[in-house]
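Next come the chains, spelled out residue by residue.
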Amino acid sequence: MIKKRKKILLNTLLLGTTLLIAPVVTNASPGGLDGNGGHTCRTNCSQYGLENGEYHYHRNGEIVKVTTPTTNTPTTNSSNVAYQDAVNQGKILNSKLSAYHQAINSGDIAKINGLYDAFTKQLKLVESKIGKVSGSSNRSSLNEQYVRPAKIAIERTIYEVSQYRLLSVISADIANGNIEKAISNTEKLERLKDRADEIKDAGGYQQLPSGVNKSLRASEANHQGNLLTHLLAKYNEAINSGDIYEIDFLYDQFTKQLRITELKIGQVSGPNNRTALNEKYITPAKIAVERTIYEVSQLRLMYVIVDLIESGQTSEIDSKFKVLDRLKNRADEIKDTGGYKALPSIIKEDLEGFEGELRNPQDFSDLGLFEAHFIDVGQGDSTLLVTPNGKTVLIDGGKESEADQLIQHLTDLGIQTIDLMVATHPDADHIGGLVPVLEKFEVKKVVDSGKSHTTQTYMDYLSLIDQKNIPFEIAQEGSFLNVDSAVTIEVLNSLDESSDTNDSSVVLKVSYDESDFLLTGDADAEIEAEMIAEGYNLDSEVLKVGHHGSDTSTSQAFLEAVDPIIAAVSVGDNSYGHPAPTVMDRLTSYGVDLYTTLQSGDIIITTDGQELTVYTER
């Protein structure tokens, strides 16, 4: 008994004051595993590249050498519990990994997707449990045994699962009629696929069974086909209504989607599958395109001729008409041999009527078009009016930093002289661009709100007017600005005594025959109410929305008094919240055709005094 006590005391002195419990290591034969899932091989070790007695795991036919997990085994009961807890959860993870591998090997992406969430959730749990185990070698061994193979499986499949799920979102978008969102998510899918290729090429991951990609590509082709079918329905609706202008508007998006769908079908495995998809989606879309392509081409060529006439480039007009004749003749030949269903007769009538106007330049000039250009000057305001007799009225000029856009627009139109310049109020986002215009163009007259300002921009503006000896006039409410006898320009507001520069805005109603344009500057709802109370006839077909669409303007009462059919908002990227969603919703709910320079670029509205036509830069 005395000898035994001495031996225990000696061990205690050697190992410290805490008595350590020696770990139990199972020396399993090559066919058996210990409690940790590995063993120490005692026979035939060299043929596996192992030293005799080296601890390792067998995984998928391969030998994995690791630090013996029982080295540095936790000494306290709580640590042993943490270790065993990690092992238990790791075994569950391995079980899920086995099922996940079976799904991968089957090449069934739907099965992989079905297992993915539970599998990744278990992986996160195991990582958390291992993080609580004491001893870096223990954590390293557990991570090597459980976490690493699971992560490899996930990294092999994560992009395919993401594609599968995004395709489901696209399908829901189409079903709900959210076509723009479906198109956006389609573009996102392309980026996801590109990123997957980059990651997998760099990481050297084992290739997935071909069935996974085949399933995804077939699903993608069907979704793109469904999107094409939706656009085809809208396109056929425009055809059946005989509206060549609506057909032209839809044509580019429709044909772009047709090309995308053809590309996706081309990636589907199996000629029979591709043939079936082409018959289902591509053939009916191509028939619709071939029925209308020559009419759309004629219309677009006539738009080119209009631009040539308006810009005075008459030398090129004859050659364009010859192209138009060849286009019409070719259309007749193709349609006669192709047996395409005839288009509604109104399409031909509209095209012939348009062509007839263009064939006689004199008659075309006699149409007496009035133009309102809402110029994209970013977060600012600038409107150009061109009267039927070629007179020009420039109302505001945006910020000075955006003046190049304004000057380019004027130059492209061949404008050298501004017959009337109107500064609605002295804020920099309205008069800043007028300074470079005053420097570069002949300006015959300036009308101002009379509201003074202390900014350098305003001082520069006044100095240039004075230096060039330009006639300068303060707008008077109730007065008329005379520029063209065919056009009436009435001043409905100009408050030089107002404490607020916005409220001093010169508000103009511009009328040409039966077409009226109401231009409001930055006037707020209080000014709107005053104009209503004054009894002004505010009824106008076109409304330039006040204060860049701010919620301080465009009240419901004012909107009802104006009763517009078209509204233009001059706005750019900003931190003010312009245009306000409440104002945009109010206009949309009222049934107004709504345009913003932020989305459409330059907005040009023309009228012969009866009908209005809208052109946008994009």
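Our structure's up above, just so we're on the same page.
Quick look at the structure, then. It should be emphasised that the depicted structure is a prediction, and the values quoted were computed from it without experimental measurement.

### Some thoughts on the packing of helix α4 (residues 136-175) against helix α6 (residues 210-241)
The relative placement of two packed helices is expressed as an angle between their axes plus a distance between the axes.
At step 1: Taken N-terminus to C-terminus, the directions of α4 and α6 make an angle of 20°; their axes are 10 Å apart at the nearest point. If you check the angle between α4 and α6, you find them roughly parallel. The hand of the α4/α6 crossing is left-handed. Residue-level contacts link E160, Q163, Y164, L167, S168, I170, S171 and I174 of α4 to V212, L216, R217, S219, E220, H223, N226 and L227 of α6.
At step 2: Residue classes in the contact of α4 with α6 are distributed as seven nonpolar, six polar and three charged.

### Overview of the sheet that holds strand β13 (residues 507-512)
At step 1: Taken in spatial order, the six strands line up as β12-β13-β14-β15-β16-β17 in an open sheet, and their pairing is mixed. Each having just a single partner strand, β12 (488-493) and β17 (593-596) make up the two edges of the open sheet. Here the average twist between neighbouring strands, direction ignored, is 15°.
At step 2: The pairing of β13 with strand β14 (residues 515-519) spans five bridges and is antiparallel. Bridge assignment links S511 to a residue of β14, and that residue is D516.
At step 3: With respect to the sheet, helix α18 (residues 581-589) is in contact with β16 (566-569) and β17, its orientation differing from that of β17 by roughly 145°.

### Digging into the pairing of β16
At step 1: Judged by which residues are buried, β16 turns out to be covered on both faces: I566 and A568 on one side and A567 and V569 on the other are all buried.
At step 2: Direction of pairing for strand β15 (residues 542-544) relative to β16: parallel, over a ladder of three bridges. Within the sheet, the bridge partner assigned to K544 lies in β16 and is A568.
At step 3: Handedness of the β15-helix α17 (residues 556-562)-β16 crossover: right-handed.
At step 4: Sheet topology note: the β16/β17 ladder contains four bridges and is parallel. Bridge assignment links V569 to a residue of β17, and that residue is T596.

Rules and cut-offs
- Residues numbered from 1 in each chain as written.
- Predicted model: local features only at pLDDT ≥ 70, side-chain atom pairs only at ≥ 80, totals over all residues.
- Heavy atoms only, no water.
- Axes fitted to C-alpha atoms, helices over the stretch in contact; angles between N-to-C directions.
- Helix = DSSP H or I, 4+ residues; strand = E, 2+ residues; numbered from the N terminus.
- Parallel < 35°, antiparallel > 145°, perpendicular 65-115°, else oblique.
- Left-handed = near helix turned anticlockwise from the far one by under 90°.
- Contact = heavy atoms within 4.5 Å.
- Nonpolar A, V, L, I, M, F, W, Y, C, P; charged D, E, K, R; others polar.
- Pairing = 2+ DSSP bridges.
- Buried < 20%, exposed > 50% of the residue type's maximum accessible area, 1.4 Å probe, protein only.
- Right-handed = clockwise from strand over helix to strand, strands pointing away.

Any link to function would need more than the numbers given here.
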